[in-house]
Every structure is written in C-alpha cells, then in structure tokens.
Amino acid sequence: MRVPLSWLRSYCDPGLSTGELAELITGAGLEVARIDRVGVGDPAGFVVGRVLDAGKHPDADRLSVCSVDDGSAEPRTIVCGAPNVAAGQTVAVARPGAVMPDGTKLGEAELRGVRSSGMILAEDELGIGEDHAGIMVLPGELAPGTPLAEHLPIVDEVLELEVNPNRPDALGVYGVARDVHALTGAPLAEDPTAGDIEPEGGAIEDVSVEIVDPEICLRFTARVFEGVQMGESPPWLKQRLMAAGQRPISNVVDITNYVMLATAQPLHAFDLDKVRGGRIVVRRAKPGETMVTLDDAERAFDPETALVCDAEGPSGIAGIMGGQVSEVSEGTTRVLMEAATWVGSNILRTSKRLPLRTEASGRFEKQLHPEQAIGAQRLAARLMVELCGARMAGGTIDEYPRPSAARHVTLRPVRMAGLLGEEIPGDETAGILDRLGFEVESEVSADSLLMGRHHDVALEEWTYEVPAWRDSDVQREADLIEEVARVHGLDRLPTTLPARREAVGGLTGHAGLRRRLEDALRDRGLSEALSYSFIAPTALDRLRLGDSDPALAIANPLSTDQSVMRPLLLPGLLDAARHNAAHDRADLALFESAHVYRPSAVPPPMSGAGPQTSPRGTRPSDEHHHLGALMVGTIEGGWRSLPVRTDFFAVRAVLESVLAAAGVEWRAEPALRPYLHPGRTAAILASDREIGWLGELHPLVARDWELGERPAAAFELDVDVLAVLAEEAEAGFRDLTSFPAVLQDIAVVVPDGVPASRVQEVVFQGGGELLRAAGVFDLFHGEQLGEGHKSLALRLEFRAPDRTLTDDEVAGHRSAIEAALVQIGGKLRA
C-alpha cells in the first residue's frame, strides 16, 4: 500500500518528520518497507508564469516562441512545442537549473537559432499526471513568480506499507490516518465518508438489483448519476493517484480509484446505458460462460466464480474486474455506481484460479465489512457532483440480505495486566480505544471514562463496540488488548518470563536426528545454505533429468523461474555455488536441510528407477525432508590438517560422519544418476532400502552451473527414511565384553570389477560370529598382481564375549575367510 504523505497529512498531521512518522507507525504494526520521493527534485525552480506573447518560431512550424512573465525582472523567452500554448495563459514554468522528476537538470538551450530559457510544463513533466498532449493551464488569478508548490502538489513523499491480512482498513489512507491519530493524539479530520448529498427525486426508476446467492455477496449498493460530463480529473486528484501507484484515466474512473485508496472500499462504475435491461443480477457463473474484461482478455469461468450480470449475461467479475460490455467511455452520460461487499474467500479463490489479481481483489479477499460500502457511496457521490457536474437521480438501492450486527467485546483490566505484564492506566486505555474508533458501552459514561474516573477502583470490566472497519480483526478480548498494547508501545512493556512454567520445550519427532546430522556437517566445516523450494523447470533440464522425470508444477507461479517444486536439494546448492564462484569464492563446502516435493507414488530422482511416464504436476504432493551437501574445489583444512581436494572419496568421508551420527549400518553400491559422473556414482543403502545417493558431479552439469574446471561432488539423504531406520537401530542391544580383541591385517587380491563392499561381505561370511569388524584401509595396483586385479588391505577384529581368543582359533577363521574368497575370484596375498 502506497500512502502519499501529503494526502495522509491532510487527514492527520502530527508534525513529525517522514522518518519519525515511519518509525512510529512501524512500531505499531504498519511496517514501512521504504520511503519514496515522487515529483520534482527541488520545488524552488518551479514557479507560476503568464504567457505574454506566443508567436511562431521562424524556422520550425511546430514550435512557438513565447515571452513569459515568471516574476523575474525581465520576461523570459521560452521555446514551446505544445499546440495549445497561447498568450494570456497562466502556466507552470521550470526555470534553468530546475531538477525534473526523472532527475534531469534543466538548462538553457538553443532551439533552431532561438535561445530558450526554461520550460512551460505539461502534467507528465511535473509527475502529477500522464498527459503530454499540451501544457497545463492554471487558474488566471495566480500571480506570476509565486512558487508552484503553493498551488500544485509537485513534490511528495510516499510511505510504502506492508499491510498484514488482518488490517484491511490500513489499505485506505484514512485508515492509516486513524492509527497516526491514535499514536500521536494529533487532530483527525472528519471521516471523508461522513457527508452525503441530497438525491434528486425518490426511487431509482428502471433499475433493479437482485442478489441470487447471498453466500457470495453480503451487500450490494447502487446509485445512479445523470448528466455526467466525462473528462479529465483535476491536478490534485491526479497527483494523489499517481503517487499511490494508480494511473489517471478519466474523472469517473479516477473517482472510483480515489475512493478505494482513501477508504479501502473498491467501487465500480457502469455505463448505465450499456446495462442491458436496466437490471443487475449477482449470481455464480454458469458452465461455459465467458466475458471480455477491461484488460481486453476473454475469460472463462467455473461455477464458483461470482459475477455481476445484466439481463443478458455477465457484465463484471465480482470484486475483481469489470467487463468491456458496460465500460464507461467518453460518451457516457449516465453512470451506475456500485459499492458491494463480497465474500473474501470466494474472491481469493477466483483471483487465483483465473489468475487475475487487482487492487480491488486484494482488498475484498481480506473481507471488508458491509458498512464500508455505503460510506464509500457517500464520498463517491460528492465527487461525482463536484468533478463531473452530475446529479444523483433518486436514492440508493441497498440489497442487504443478512444485516450484520455490531460486535461487542469485553475488556478486563486484570486480564490485560496479566497478558502485558504491566498495568496500563485506565484513562490511557480509554483514550487509545476512543481514538481508534471503539465506543465504550457500560454503566459508566464515555465522558467519565475519558476523565479516568472509576477505572482503577470500581469498574472490573468494560464493553466496547467494535467499529465496522475493524470487525474482521478485533473479535475477542485478546485482540482488544493488542490494540491497546501496540499504541501504548510494545517496546515500553517490561520484559518478563511467563508466570507458568509447566510446559518444557524440546525437540519433537525426528527433529533431534536432524539436529545431530546438521551438527555433524557443521563440525566437518560445511556451511549451511538456504534456497527456495520453487525452482525453474530449466534447472531440472540442466540436471539432465528430462521431461520424463516428475516434478510438481505450481498452478499460479510468481514467475517462470519459480514454477515447479524442487524434487531434490541439488539445484539450490548448485545455484549457491555458482553465486559464490562469481564472487571469487569458488572453493566451498555447503549443505542444506529442507523439504523436497514430488508427485505421490512416483519414485524420487534418487531411486535409480528407470524413466517415468507421468507428466509434471499431475499427482498430489509427496513431501520428504532431505539433507544434501555439495563440495567444490579444494577445501581448506584446519591448523592440524592439510587441504582436501574434492572427489568421490572426500565427500564419502563426510557422508560417513553423518551416518555415524545416525547410528545406522549402510553400504554404497554402484549406480547411475544423470547429473553425476558415470563410474563415480553410488547409491546409499541401509537395511536394503535406498536412502540417498553419492557421487562426483557430471562435467556437463558443472559446466551449465559455471563451476569451471574445479572438481565437485555431492550427496543427498532422505532423512525421513533414515529416521525410521535409526529408530529401528536403537531398538537393538549388544553387551560389551571386557576380553581383548585380536587384530590382524590381510591383503585380498580380487578382479578390478569386484567392489570393496562385496569383499567385506564375503569376509564377514567366512569370519563367522567372532569377526566383529573388517575395514578397508588400502588399495593397491601393481604388475605383480596381474592385469585386471587389485589388492585391498583389510583390518580384521576378532573378539569373543566370554574368553580371550588364541592364535589357533583365529587362524581357523582366517582359513575360512580364504576359502570364502574363492567364490568372488579372490585370494589372500602372500
């Protein structure tokens, strides 16, 4: 929400600087995201001028040479290209040295042989409109040389607010002014919706309104204006719209936008002569219905869409956008002004489904109160008469099937003190709520409440009527207490511990395991990365997954680059690596612990399954928590360790520490992944279940992510599956023995194609129950082994639970191991 400061100060001016005001309302819950400056750079260079003479340029048919009185000692010569410039006009003049809205500094210039000293300005050159067809002509009574800023809002500051969904009232400038009034006590101007005009005549003839479905429309009001003179809006209105981010269109359309920005209640203007049958019907869409909206797009509707229709069909999408069929235009003379209250949830769903989001839908989806509709009609009526020369024909059509009763909330001082940790004086509480528009209802009068009488001694609770504009937010006592607290100042409340401490916090579910795994990675020097769950489809293509691999498509994405949900963490880690490489930090080690998403009942990209046939985004979501790591280049060691060059074994060592923290037995088996290097890739298995993958990055993937020639390796684990296996592992128990172990080293010669895990498996088979461990600690290739063979060195640990083993017992098991190796073509090396 963009709030022009001059507009805000016209309602409530606390006399604070822009920065002080922004800090104040941010502390009260209306966060100021930024402060913009709009209009000219310095108003000192802009003055009122009068054209004394306007003659044709001697060498240019479309230029005029003007003599302008701008209050200087001598008239100023200005060359002007506007077709409407004429002698006697009062105009806006920029003197040499003036800074224009786009930052350009104006200087003297020679145009076709005539020296021009300044500029006669059009609306867009002052930033108060978009019209560049001709110069602005000001009222003739303005004196030449007077500062232009005294008569036109040529410079302003804008507060850009991040308004929470529970504060739809703050989507109007007057709603923000109420908060400023409550915070500072500065006078608040009268509600702009308070005054009304007297209609000409009685009931509106030949116009009817029917709400067919009250479940989509809470209230529909309509007023008819005749004798409408379409044209441009005055500069002050254009400037407020421009500063608030709205483009001026015409006086009627500008009035609807102005009222919406002032009050948070959207309006819509129909050309009554285009409303077929003079009938307005509010209903849900019929199957197959379509309509061309004001943005020149034909849209199809489903049966949940709320429509505003005339006698022949749709005329507008309720609460979102009108249709071209009844659009106001230059020839409009009769206007039907609509101010309605729509069911917010319906507007939100329709806006997402179309997809079509507008300023109006953004307000309606937060659920406005029906009382705001009639208030907006009153303000719009005054502006229609004042700016369009219209007259209001008849009264107001007001279809209100289920009138809303005022909400009442009880406030107990004892409860407020208990929640806030501080007792706020009764007179301060009453004053805050009164300034916010809450009316007190109790046996003690409002006057005595404001004077602070009885609050601390007699009255144990107060009952307040919630104003309509806060009805969707303030619904219970805690909400009322929050209003008092935020205006009183949350920073002024004491810091206290909760009185009750029965509840003790702790990690739940698998959070403890996740914490251990993440700490294991931090202990190994990896830095944690955070990335978006939304990724671009092209990221999956760069991973060489192809269209056959499933990914969840987002129905209403923010952009194409965030249109699918990530099925694995690797794309985000690679993006982080690319960003660091671009900033001369190419060597790094990162990890991420987060959720991944894929269509239900579809094997994940790490599963090793063949190509999938399911199209992207056609199944419900299957969400898992993953832990992924990526190492690139050379990783610096500690003060007692050497740098490590990234490869398969370096990242495997990190993985071992992670799985050791989980306490599960695991193994790695050769596998293929399209994004990993062939022959340097493994699947990670535990209890015959695949829990992840491990490997060096494919060179083509590294190239696509601009990682250069540096080696890169990664792994990724499904923590949800790992957690289940970790719980199963914790269920087992094995007693410790006090008898010593017998350690022996063996060298096993096997063909190159036999993996080390298979060698370990056979060694355990031959070693029997007494063999407790068999770890590989060396790999050797040499001519003496023969072509196509390798030697693996293993350290064996033999241990008995009830005795000390002898060398003869161990020798027997060693012989059994040697015999078992034959089945894989292996033997013990002499």
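Residues numbered from 1 in each chain as written. Predicted model: local features only at pLDDT ≥ 70, side-chain atom pairs only at ≥ 80, totals over all residues. Heavy atoms only, no water.

K.L.:
Even after reading the chapter, I still don't get the overall build of the protein chain, so can you show me in this structure?
P.N.:
For the protein chain, the helix and strand inventory stands at 21 helices and 41 strands. Scaling as 2.2 N^0.38, a compact globule of 830 residues should have a C-alpha radius of gyration of about 28 Å, whereas the protein chain reaches 38 Å, well beyond that. C-alpha extents for the protein chain along the principal axes are approximately 120 × 85 × 60 Å. In the protein chain, which comprises 830 residues, the share counted as buried stands at 48%. Taking as baseline every contact in the protein chain between residues at least 6 positions apart, the subset at least 24 positions apart corresponds to 72%. Accessible surface computed for the protein chain: about 39,200 Å², of which carbon and sulfur atoms make up 49%. For the protein chain, the centre of its 80 positive side-chain charges and the centre of its 126 negative side-chain charges are spaced 5 Å apart. (Helix = DSSP H or I, 4+ residues; strand = E, 2+ residues; numbered from the N terminus. Rg over C-alpha atoms; globule rule 2.2 N^0.38 Å. Buried < 20%, exposed > 50% of the residue type's maximum accessible area, 1.4 Å probe, protein only. Contact = heavy atoms within 4.5 Å. Areas by Shrake-Rupley, 256 points an atom, 1.4 Å probe, with all protein chains shown as cover. Lys, Arg positive; Asp, Glu negative; His and termini not counted. Charge placed at Lys NZ, Arg CZ, Asp CG, Glu CD.)

K.L.:
Just to check I follow, could you spell out the pairing of strand 34 (residues 667-670) for this structure?
P.N.:
The two faces of the sheet receive side chains in turn, since in a regular strand these alternate between them. Note that strand 34 and strand 35 (residues 676-686) share four bridges and pair antiparallel. In the strand pairing of strand 35, Arg667 is matched with Leu685. Hairpin connection between strand 34 and strand 35: a loop of five residues separates the two successive antiparallel strands. (Pairing = 2+ DSSP bridges.)

K.L.:
Would you mind going over the confidence of the model for the protein chain with me for this structure?
P.N.:
In regions of low pLDDT, the predicted coordinates are not meant to be interpreted in detail. Summary statistics for the protein chain give a mean pLDDT of 89 and a share of 93% for residues scoring 70 or more. Here residues 607-619 scores under 50 on pLDDT; set against residues more than four positions off or in separate chains, the count is 31 contacts. (pLDDT = per-residue confidence, 0-100.)

K.L.:
What is the right way to look at the packing of aromatic side chains in this model?
P.N.:
Aromatic rings in a pair are described by how distant their centres are and how their planes are angled relative to each other. For the structure on display, the rule yields seven aromatic pairs. Aromatic side chains Tyr11 and Tyr174 sit 5.1 Å apart centroid to centroid with 85° between the ring planes, which places their arrangement in the edge-to-face category. Here Tyr174 lies in helix 4 (residues 173-184) and Tyr11 lies in helix 1 (residues 5-11), a separation of 163 residues in the sequence. Chaining the aromatic ring pairs together yields one cluster made of Trp7, Trp236 and Tyr258. Cation over ring: Arg178 sits above Trp469, and NZ or CZ is 3.7 Å from the ring centre. Above the face of the Phe777 ring, Arg795 is positioned so that its terminal group lies 5.1 Å from the ring centre. (Phe/Tyr/Trp six-rings, centres within 6.5 Å; stacked < 30°, edge-to-face > 60°. Lys NZ or Arg CZ within 6 Å of the ring centre and 35° of its normal.)

K.L.:
It is not clear to me how the sheet that holds strand 34 should be interpreted in this structure. Could you clarify?
P.N.:
Two pairing modes exist for strands in a sheet, parallel and antiparallel, and in both the strands are linked by backbone hydrogen bonds. As summarised here, the arrangement of the seven strands in space is 27-30-31-37-36-35-34, forming an open sheet in which the pairing is mixed. Both edges of this open sheet fall to strand 27 (527-528) and strand 34, since each of them pairs with a single strand only. The pairing of strand 30 (residues 588-599) with strand 31 (residues 621-632) spans 12 bridges and is antiparallel. Residue pairing for strand 31: Tyr597 is matched across the bridge by Glu623.

K.L.:
Explain the side chain of Gln265 to me, please; I cannot follow it from the model alone.
P.N.:
Here Gln265 lies in the loop between helix 6 (251-263) and strand 14 (268-271). Taking relative accessible area as the criterion, Gln265 reaches 0% and is therefore assigned buried. There is a polar contact of 2.9 Å between the side chain of Gln265 and the backbone oxygen of Ala340. Non-local contacts of Gln265, meaning those with residues more than four positions away in its chain, are made with Val259, Met260, Ala339, Ala340, Phe364, Leu368, Gln372, Ala373 and Ala376. (Polar contact = N/O pair within 3.5 Å; in protein donor to acceptor, adjacent residues only side chain to side chain.)

K.L.:
Just checking my understanding: could you explain the side chain of Asp156 for this structure?
P.N.:
Note that Asp156 resides in strand 11 (residues 155-162). It is Arg9 that comes nearest to the buried, bridge-free Asp156 among opposite-charge side chains, at 7.1 Å. A polar contact of 3.4 Å, which involves the side chain of Asp156, links it to the side chain of Gln239. Sequence-distant contacts of Asp156, that is, excluding residues within four places in its chain, are made with Pro4, Leu5, Ser6, Asp36, Arg37, Val38 and Gln239. (Salt bridge = Lys/Arg side-chain N within 4 Å of Asp/Glu carboxyl O.)

K.L.:
Any chance you could explain the layout of surface pockets here in plain terms?
P.N.:
Remark: the empty space left among the atoms is shown by a probe the size of a water molecule rolled over them. Taken as a whole, the largest pocket holds about 1,700 Å³ of empty space. Forming the walls of the largest pocket are 42 residues, and the residues nearest its centre are Arg652, Ala668, Ala756, Ser757 and Gln760. Counting residues per element, the ones that place at least two in the lining of the largest pocket are helix 17 (648-662), strand 34, strand 35, helix 20 (756-767), strand 39 (771-780) and strand 40 (789-798). The residue inventory of the lining of the largest pocket, partitioned by class, reads 21 nonpolar, eight polar and 13 charged. A volume near 770 Å³ is recorded for the second largest pocket. If you trace the second largest pocket, you find 32 residues lining it, with Asn257, His268, Leu294, Met321 and Gly322 closest to the centre. Among the elements of the structure, helix 6, strand 14, strand 19 (314-317), strand 20 (321-322), strand 21 (335-342) and helix 8 (359-364) are those that each provide at least two residues to the lining of the second largest pocket. Broken down by element, the lining of the second largest pocket gets its largest block of residues, four residues, from helix 6. Taken together, the residues that form the lining of the second largest pocket break down as 17 nonpolar, 10 polar and five charged. (1 Å grid on protein atoms, 1.4 Å probe; cavity = no way out; pocket = protein on both sides within 12 Å on 5 of 7 lines; lining within 4 Å. Points joined across faces, edges and corners; volume = space filled by probe spheres on them. Nonpolar A, V, L, I, M, F, W, Y, C, P; charged D, E, K, R; others polar.)

K.L.:
Sorry, what's going on with the nonpolar core here?
P.N.:
The tendency in soluble globular proteins is for nonpolar side chains to be buried side by side. Ranked by size, the top nonpolar core spans 78 residues in total, and within it Leu8, Leu159, Leu161, Met384 and Tyr464 carry the most contacts. A total of nine residues in this core trace back to one element, the largest contributor, which is helix 9 (residues 371-388). Setting aside residues up to four positions removed in sequence, Leu159 forms contacts with Met1, Arg2, Val3, Leu5, Leu8, Thr18, Leu21, Ala22, Ile25, Val32, Arg34 and Ile35. Judged by nonpolar contacts, the second largest core, of 37 residues, contains Cys217, Met291, Phe301 and Ile317. (Core = buried A, V, L, I, M, F, W, Y, C linked by side-chain atoms within 4.5 Å.)

K.L.:
Before we go on, may I ask you to explain the packing of helix 10 (residues 413-420) against helix 13 (residues 477-488) in this structure?
P.N.:
The relative placement of two packed helices comes down to the angle between their axes together with the axis-to-axis distance. The contact between helix 10 and helix 13 brings their axes to 10 Å, and the two run at 65°. Taken together, helix 10 and helix 13 sit at an angle that is classed as roughly perpendicular. Judged by the twist between their axes, the crossing of helix 10 over helix 13 is right-handed. Here helix 10 contributes Arg415, Met416, Leu419 and Leu420 to the contact with helix 13, which in turn contributes Glu477, Ile481, Val484 and Ala485. Looking at the contact of helix 10 with helix 13, its residues break down into six nonpolar, no polar and two charged. (Axes fitted to C-alpha atoms, helices over the stretch in contact; angles between N-to-C directions. Parallel < 35°, antiparallel > 145°, perpendicular 65-115°, else oblique. Left-handed = near helix turned anticlockwise from the far one by under 90°.)

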